[in-house]
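Summary of the model geometry
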Amino acid sequence: MSIVPHTVLRPFGVNPTSRYLRRHASLGLRASSVDATNRKDDLETESSKKKRTKKSPLEALHDDGFGSVTMKDYLEAARPMMPKDDAGPGPPRWFCPLECGRPVVDKAPLLIFLSGVDGVGMELILHHKSLGKVFEVCCFHIPVNDRTPFEGLLQMVEAYVQYENALSPKRPIYITGDTFGGCLAISVAARNQKIDLVLILVNPATSSAKSPLQAILPLLEVVPSNLPVTYPDLLRYLIGNPLNVAMVSIQNNHSPQETLQEFSESLTSMLPFVSCLFISQELAHVIRMDTLVWKLKLLKSGVAYANSQLHAVQAEVLLLASGNENLPPSGEADRLFKTLKKCKVRYFRNRGDKLLMEDGFNLLTVIKGASMYRRSRQRDPVTDYLPPTLSEFKRTYGEDFKLFHQLLSPVMLSTMKDGEIVRGLSGVPDKGPVLFVGYHQLLAMEMFALFEGFLGEKKTVIRTAAHQVFFVGNFEILRQELSLFDAFSMYGAVPVSPINTYKSFERNEFVLLYPGGVREALHRKGEGYQLFWPDQPEFVRMAARFGVTIVPFGCVGEDDFLQIVLDYHDLKNIPYIKDQIKSFNEDLTGIRDTVKGEEGNQTLHMPVVLPKVPGRMYFLFGKPIEMKGMDNVLTDRKEANQVYLQIKSEVENVMSYLKRKREQDPYRSITRRTLYRATRGPSAEVPTFDP
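What counts and what doesn't
Residues numbered from 1 in each chain as written. Predicted model: local features only at pLDDT ≥ 70, side-chain atom pairs only at ≥ 80, totals over all residues. Heavy atoms only, no water. Helix = DSSP H or I, 4+ residues; strand = E, 2+ residues; numbered from the N terminus. Buried < 20%, exposed > 50% of the residue type's maximum accessible area, 1.4 Å probe, protein only. Contact = heavy atoms within 4.5 Å. Areas by Shrake-Rupley, 256 points an atom, 1.4 Å probe, with all protein chains shown as cover. Phe/Tyr/Trp six-rings, centres within 6.5 Å; stacked < 30°, edge-to-face > 60°. Lys NZ or Arg CZ within 6 Å of the ring centre and 35° of its normal. Core = buried A, V, L, I, M, F, W, Y, C linked by side-chain atoms within 4.5 Å. Axes fitted to C-alpha atoms, helices over the stretch in contact; angles between N-to-C directions. Parallel < 35°, antiparallel > 145°, perpendicular 65-115°, else oblique. Left-handed = near helix turned anticlockwise from the far one by under 90°. Pairing = 2+ DSSP bridges. Nonpolar A, V, L, I, M, F, W, Y, C, P; charged D, E, K, R; others polar. Salt bridge = Lys/Arg side-chain N within 4 Å of Asp/Glu carboxyl O. Patch = residues over 30% accessible without salt bridge, like charges linked within 9 Å, V, L, I, M, F, W, Y side chains within 5 Å. Expected span 1.5 Å × (residues − 1). Polar contact = N/O pair within 3.5 Å; in protein donor to acceptor, adjacent residues only side chain to side chain. Disulfide = S-S within 2.5 Å. pLDDT = per-residue confidence, 0-100.

Some remarks on the overall build of the protein chain
The helix and strand tally for the protein chain stands at 28 helices and 20 strands. Across the 691 residues of the protein chain, 55% fall into the buried class. Contacts spanning at least 24 positions in sequence make up 83% of the contacts within the protein chain whose residues lie at least 6 apart. With an accessible surface of roughly 31,100 Å², the protein chain has 54% of that area assigned to carbon and sulfur atoms.

Written out as structure tokens, the structure reads:
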């Protein structure tokens, strides 16, 4: 794979002229400055605006290219960026990786990458293709023999940020800083509080002053400058853990023997490049003593300045901290989380300090899961949503939730227009807008089975109207990679509100609504499959206004998996737990404050449950109800309430049908399903009852 990064270097402080823009346009560069300057010349006509689709150009399960690049490609790309013997100290420069291409989405934000103290700028190479679809990517390269001090580097980055902001003041600018680059990013944000910045800090070097190398810096300064450095951890410092990076692009569905062989070939293919770098004069520039001393001094000044400016950072921050022996000193992630005003943290326990270059780590997935992607000053959870990619789907359901899916072994049934019940989702409309209304199982355990079913068969994302606790920043914690909350956001969850439902219908999307909300998902003992719907048929009126097709559905199976030991009534009688529940719910805005009775009781808590020997999960989507043309529902509350009661009755009938029919399923027991898969293959569809 040949990668030739084009350089985009604008003289700082000089405004671009038309001649300058024409020259860069002729090179085929997609620099945002060129696009923004010519934006007025490319205004759309009124007719073209009408033809423009409101849906995202990115389809669900699209190929984002993630996993197609290996460490071998990184080493090949980094080689030309190393100085030759006769090369002078070139200045730092910007470049746009060609493999990023042009963004697919409209008004894509700019993403600036600031590398570690090595300054190569290619550490984002594993993510170029995926990021390039939704960002304009620009990387900062600092030549190895460059001696620009930290203040000079800061001014260069700051000038470029200000330049881009002047061209597109309404567009956010993402700054991804890796280790030393994180210090640069923090410093730029502190000095430019009025610019809309989003910082992604990958193991920022804010605590590197405590490292052993900084402690022996005075001794290193007296060592001869041309002495080569032989440090045991140097290879890991430059390219990360070779064992981790060699796993990049290895398929997870291979047998153990095939995986071992592919891993061996990947690791072997890296050795000639690494050996060549160490033997050649190219790496000699990187590891000479004078270079090491300069880099340590540069890092020291950057760390000191960044730490002094933490209190001034107003930008949104996503902190990615890896958690093995390479993690900065204990408590650093927590310190930054408490110091930075708008900070989210994602903690990766089993990864090294070269997080961006390790197998299986997808930066865009983390950004999407943390709900940090936006194209304007305020994030719109509907229009700024990016659907899951094929690699994300395989990771979620092929690895993270694979065991959970096997335990549930969900059965999807749907009802055709003539009333026939069939297996699969052929009875569900193929095009939106569609509103699914149904029963919320205990602890929302049915959600991921629904996501998988519709993505796998319909290639469609369901926009779930979810509780605000999934999105409110006050409840941010040190979350693991792809936490349950992040997965909900990534697979289409939006804060429940009329405006979000309105926008989703306007974009012809599939929307999932649980009228029972938290009260159903956290029901009490003996309340299984009981609906707690308030007397509010507003969603029926909205569906009629947009001509939405309503599909009532039910699901059963929670009583085959979990048994409630302590419910809300039990927990609120325990003094300490009662206070914890009250404290947790105080900061939550009441969703149903005007609803009286149990239907309005949306108190969040965690019931104590015991697992059972797994049974099976069953879904049945009822006959679609066409709301198009039912204008009388908009003005007549009685008519709207009648449709509302019809939907509620259909959900109850569906659940009664499933509870009765599951008794006829010969594979309801996990034992029989396991035996079936053992003889037919792990991916075989397990039979069920005849509908």
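Re the packing of aromatic side chains
Considering all chains together, one arrives at 31 aromatic pairs under this definition. Between Phe 505 and Phe 546, the aromatic rings sit 6.0 Å apart at their centres with planes inclined by 55 degrees, giving tilted as the arrangement. With Phe 505 in helix α21 (residues 498–506) and Phe 546 in helix α23 (residues 538–546), the pair connects residues that are 41 residues apart, well separated along the chain. Of the residues examined, Phe 546 reaches a relative accessible area of 24% and is grouped as partly exposed. Aromatic ring contacts, followed pair by pair, group Phe 393, Tyr 397, Phe 401, Phe 448, Phe 451, Phe 470, Phe 471, Phe 485, Phe 488 and Tyr 491 into a single cluster. Across from the ring centre of Tyr 667, 5.1 Å away, lies the NZ or CZ of Arg 672, which sits over that ring.

Examining unusual backbone geometry
Going from Gly 432 to Pro 433, the amide bond is cis rather than trans, its omega being 5 degrees. Along the polypeptide, Pro 433 turns up in the loop between β10 (421–423) and β11 (434–438). Its identity is not glycine, yet Thr 179 carries a phi of approximately 50 degrees, on the positive side. Even without glycine at this site, Asn 203 takes up a positive phi of about 45 degrees. With respect to the helices and strands, the residue Asn 203 is situated in the loop between β6 (197–202) and α8 (212–215). For Asn 203, a relative accessible area of 5% corresponds to the buried category.

Quick look at the nonpolar core
With 49 residues, the main nonpolar core has Leu 114, Val 161, Ile 175, Leu 197, Leu 199 and Val 313 as its most contacted residues. Leave out the neighbours within four places in its chain, and Val 161 touches Ile 112, Ile 173, Ile 175, Val 188, Ile 195 and Leu 197. Core analysis: the second largest hydrophobic core is formed by 48 residues, Phe 393, Leu 408, Ala 493 and Leu 512 among them.

Here's the deal with the side chain of Ser 371
With respect to the secondary-structure elements, Ser 371 resides in the loop between α16 (363–369) and α17 (390–400). Of the residues examined, Ser 371 reaches a relative accessible area of 16% and is grouped as buried. With near-sequence residues (within four places) excluded, Ser 371 lies in contact with Lys 344, Arg 379, Phe 471 and Ser 489.

A look at the packing of helix α7 (residues 180–191) against helix α14 (residues 289–308)
Orientation of α7 relative to α14, taken along the N-to-C sense of each, is 40 degrees, at an axis distance of 9 Å. Classified by the angle between their axes, α7 and α14 sit oblique to one another. The way α7 lies across α14 gives a crossing that is left-handed. Here α7 contributes Phe 180, Cys 183, Ile 186, Ser 187 and Arg 191 to the contact with α14, which in turn contributes Leu 298, Leu 299, Gly 302, Val 303, Tyr 305 and Ala 306.

Brief notes about the environment of Gly 528
Relative to the elements of secondary structure, Gly 528 occurs in the loop between α22 (517–521) and α23. Judged by relative accessible area, Gly 528 falls into the partly exposed class, the value being 36%. Separated by 88 residues in sequence, Gly 528 and His 440 have C-alpha atoms that sit 10.0 Å apart.

Some points on the pairing of strand β4 (residues 136–141)
In terms of residue burial, β4 counts as a mostly covered element, since six of its six residues are buried. Going residue by residue along β4, you find Glu 136, Cys 138 and Phe 140 tucked away on one face and Val 137, Cys 139 and His 141 tucked away on the opposite face as well. In this structure, strand β2 (residues 93–96) lies alongside β4, joined through three bridges in antiparallel fashion. Within β4, the position partnered with Arg 93 by the bridge is His 141.

With respect to the packing of helix α6 (residues 150–167) against α14
The N-to-C vectors of α6 and α14 enclose an angle of 60 degrees; their axes lie 9 Å apart at closest approach. In contact with Phe 150, Leu 153 and Leu 154 of α6, α14 contributes Leu 298, Ser 301, Gly 302 and Tyr 305. In terms of residue class, the contact of α6 with α14 is made up of five nonpolar, two polar and no charged.

Details of α23
Buried within α23 are the following residues: Phe 539, Val 540, Met 542, Ala 543 and Ala 544. Count one or two residues on from α23 and you reach Gly 547, which has phi positive near 65 degrees.

Some points on the pattern of salt bridges
Within this structure, the stated rule accounts for 28 salt bridges. For the salt bridge of Asp 560 with Arg 668, the shortest nitrogen-to-oxygen distance reads 2.8 Å. Residue Asp 560 is found in the loop between β16 (549–556) and β17 (562–566), and its partner Arg 668 is found in the loop between α27 (637–661) and α28 (670–680); the two are separated by 108 residues along the sequence. Across the pair, exposure class does not vary: Asp 560 and Arg 668 are buried alike. Several salt bridges share partner residues, and in doing so they unite Asp 559, Asp 560, Arg 662, Glu 663 and Arg 668 into one network.

Topic: a nonpolar patch on the surface
Judged by side-chain polarity, Val 565, Val 608 and Leu 610 come together as a nonpolar surface patch covering roughly 210 Å² of accessible area. Here Val 608 shows up in strand β18 (residues 608–611). Overall, the relative accessible area of 36% leaves Val 608 in the partly exposed class.

Comments concerning the side chain of Asn 585
For Asn 585, the position within the fold is in helix α25 (residues 575–586). A residue is classified by how much of its surface remains accessible, and Asn 585, at 17% relative accessible area, is buried. Residues in contact with Asn 585, not counting those within four places in the same chain, are Gln 602, Thr 603 and Leu 604.

Focus on α27
Between the first and last C-alpha of α27 there are 36 Å, a value that for 25 residues agrees with the 36 Å anticipated at 1.5 Å per step. Taken residue by residue, α27 has Ala 640, Val 643, Tyr 644, Ile 647, Val 651, Val 654, Met 655, Tyr 657, Leu 658 and Lys 661 as its buried positions. By the N-cap criterion, in which a side-chain oxygen at the helix start approaches the backbone nitrogen of a residue two or three places on, α27 is capped by Asp 636, the distance to Lys 638 being 2.9 Å.

Some points on the environment of Phe 621
Here Phe 621 shows up in strand β19 (residues 618–621). With sequence-adjacent residues up to four places away left out, Phe 621 is seen in contact with Met 412, Leu 413, Ser 414, Thr 415, Leu 425, Val 428, Phe 436, Leu 450, Phe 454, Val 551, Pro 552 and Phe 553.

Comments concerning the state of the cysteines
Summed over all chains, the structure comprises zero disulfides. Summary of cysteine pairing: Cys 96 is not part of a disulfide, and the nearest cysteine sulfur, belonging to Cys 138, is at 4.2 Å. For Cys 96, a relative accessible area of 6% gives the class buried.

Some thoughts on the environment of Arg 93
Looking at the element boundaries, Arg 93 is found in strand β2. Among the residues examined, Arg 93 registers a relative accessible area of 24% and is labelled partly exposed. Sequence spacing of Arg 93 and Met 156 is 63 residues, and the spatial spacing of their C-alpha atoms is 9.0 Å. From its side chain, Arg 93 meets the backbone oxygen of Pro 91 in a polar contact 2.8 Å long.

Description of the confidence of the model for the protein chain
With 75% of its residues at a pLDDT of at least 70, the protein chain reaches an overall mean of 82. The low-confidence segment residues 1–53, where pLDDT is below 50, has 71 contacts with residues more than four positions distant or belonging to other chains. Here residues 325–329 is modelled with pLDDT under 50, and outside its nearest four sequence neighbours on either side it reaches 13 contacts, counting other chains as well.

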